[in-house]
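# Commentary on secondary and tertiary structure
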Amino acid sequence: MMPLAAALAGSPNEAERLQALLQYDVMPAQQEPVFDELVRLAAQLFSLPISLIALVDAQEVAYKANQGLPGLQQQPREEAICAMVVSQRMPLIFTNLTRADQLQRLTPMASAAAQAKNLQFYAGVPLRTPIRHLIGTLCVIGNEPRSFSGDERQLLTQLAGLVSELIIIRHICLTHQKVTAHDRWQWLQTLFAGELQQLHVLVHYLLAEFGTKAPVPAGVLKPVARRLDDLHLLLQHHHPGPIWYSPAAVA
């Protein structure tokens, strides 16, 4: 098997992809609460202990937001399953990483890292720019085997769409010449984080009513999906410039 870094480096759009990641300047130099709230929501929604926003650079994967793996800020790209999502340009689901056939789909270093952390379930969806460069992933991870339905994958994709959209809006705000645009990002972060906290309350209520089952019941997924649509419209209404983005772009 070709090493993952070499496979990515040899892909025809890797230089453009890395330039896009550099352009959006979203590597985790600082914590931003809105991204932390999104991974907390993803972990809560799927009743899983871990959720990450991963950004795939030339040699490393850096974690913009981390729920459930404290202290993990970055790791070599060869070790990260999230890098495989970028290299294969598609969502990846591993339902049981104790099985040899699933472990064999990983790089040797990723397999060793997953076993060392007792990671047995992984579902990751790409984060895309408006012109479809893949800069990272949103993933949820568990320490036990787990099924993952098509409806669950669709909701994870919807959440990844919001992450991508926020990255785009953040870039617009922070590169805008007017000081008010920087203030707009801070205001929008606060607004959106507040909306996500309200969604946490809804998810808590729904999980109490329908149970923390796998796959997540439709009675939980459907109202959450509607609320995520509302949050997309909220971002469309308040962003300071055109973002040419649709959640369908991450599918």
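Residues numbered from 1 in each chain as written. Predicted model: local features only at pLDDT ≥ 70, side-chain atom pairs only at ≥ 80, totals over all residues. Heavy atoms only, no water.

The protein chain is annotated in an unreviewed UniProt entry as GAF domain-containing protein from Hymenobacter setariae.

## Things to note about the sheet that holds strand β4 (residues 92–94)
The test is simple: DSSP calls a pair of strands paired once it identifies at least 2 bridges connecting them. For helices the rule is a DSSP run of H or I covering at least 4 residues; for strands it is a run of E covering at least 2, with both sets numbered from the N terminus onward. Axis angles are defined between N-to-C directions and span 0 to 180 degrees, where every axis is a line fitted to C-alpha atoms and, for a helix, only to the segment in contact. Whether two residues are in contact is decided by their heavy atoms: any pair within 4.5 Å suffices.
Pairing is antiparallel across the open sheet formed by six strands, whose spatial order is β3-β2-β1-β6-β5-β4. Looking along the sheet, the strands with just one partner apiece sit at the ends: β3 (74–76) and β4. Direction aside, neighbouring strands of the sheet carry axes that sit 25° apart on average. Examined bridge by bridge, β4 and strand β5 (residues 121–128) share three bridges and lie antiparallel to one another. Its bridge partner being in β5, leucine 92 is matched across the sheet by glycine 124. Packed on one face of the sheet, helix α4 (residues 81–88) meets β1 (50–56), β2 (60–67), β4, β5 and β6 (134–142) and runs near 135° to β6. Against the sheet, helix α7 (residues 150–175) contacts β1, β2, β5 and β6, and its axis sits at roughly 40° relative to β5.

## Overview of the packing of aromatic side chains
Stated formally: Only Phe, Tyr and Trp rings are paired, with Trp represented by its six-membered ring, and only when their centres lie within 6.5 Å; those with planes under 30 degrees apart are stacked, over 60 edge-to-face, the remainder tilted. The cut-offs for exposure are 20% and 50% of the maximum accessible area for each residue type, with area from a 1.4 Å probe on protein chains only; residues under the lower value are buried, those over the upper are exposed, and the others partly exposed.
Under the criterion given, the structure shown has four aromatic pairs. Where phenylalanine 121 meets phenylalanine 148, the ring centres are 5.6 Å apart and the plane angle is 50°; that geometry is what we call tilted. Within this pair, whereas phenylalanine 121 is found in strand β5, its partner phenylalanine 148 is found in the loop between β6 and α7, the two being separated by 27 residues in sequence. Given a relative accessible area of 0%, phenylalanine 121 falls into the buried group.

## Topic: the confidence of the model for the protein chain
As a reminder, the rule being used: Note on scores: pLDDT gives the predictor's confidence for each residue, bounded by 0 and 100.
Counting all residues, the mean pLDDT for the protein chain is 87, and 88% of those residues have values of 70 or more. With pLDDT under 50 throughout, residues 1–10 is counted as low confidence; its partners more than four residues away or in other chains account for 21 contacts. Within the model, pLDDT remains below 50 along residues 242–251, and this stretch shows 28 contacts once partners closer than five positions in the same chain are excluded.

## So, the pairing of β6
The element β6 is largely enclosed, with a buried count of nine among its nine residues. Here six bridges tie β1 to β6, and the two strands are oriented antiparallel to one another. Following the sheet pairing, isoleucine 50 is matched in β6 by isoleucine 141. Two elements, β5 and β6, share eight bridges in a ladder whose sense is antiparallel. Paired with arginine 128 across the bridge in β6 is leucine 134. The turn linking β5 back onto β6 is made up of five residues, and arginine 132 within it adopts a positive phi angle of 75°.

## With respect to the pattern of salt bridges
What counts here: Salt bridge, as used here, is a side-chain nitrogen of Lys or Arg placed within 4 Å of a carboxyl oxygen of Asp or Glu.
The full count for this structure, using the stated rule, is nine salt bridges. For glutamate 14, the salt bridge is made with arginine 17, and the minimal N-O distance between the two is 2.8 Å. With glutamate 14 and arginine 17 both in helix α2 (residues 14–24) and three residues apart, this pair spans about one turn of that helix. The exposure class assigned to glutamate 14 is buried, which follows from its relative accessible area of 5%. Note on arginine 17: relative accessible area 2%, which makes it buried. We note a salt bridge from glutamate 195 to arginine 227, for which the minimum N-O separation is 2.3 Å. A residue pair is termed long-range when its members are at least 10 positions apart, and glutamate 195 in helix α8 (residues 179–210) and arginine 227 in helix α9 (residues 218–238) qualify at 32 residues. Each member of the salt-bridge network shares a partner with another, and the members are Glu14, Arg17 and Arg77.

## Structural notes on unusual backbone geometry
The omega torsion across alanine 214 and proline 215 is 0°, close enough to zero to call that bond cis. Among the secondary structure elements, proline 215 is positioned in the loop between α8 and α9. For serine 47, which is not glycine, the phi torsion reads 55° and is therefore positive. Examined against the element boundaries, serine 47 turns out to sit in the loop between α3 (33–45) and β1. Judged by relative accessible area, serine 47 falls into the partly exposed class, the value being 36%. With a phi angle near 75°, arginine 132 is a residue other than glycine that sits in the positive phi range. Mapped onto the elements of the fold, arginine 132 is located in the loop between β5 and β6. For arginine 132, a relative accessible area of 37% puts it in the partly exposed group.

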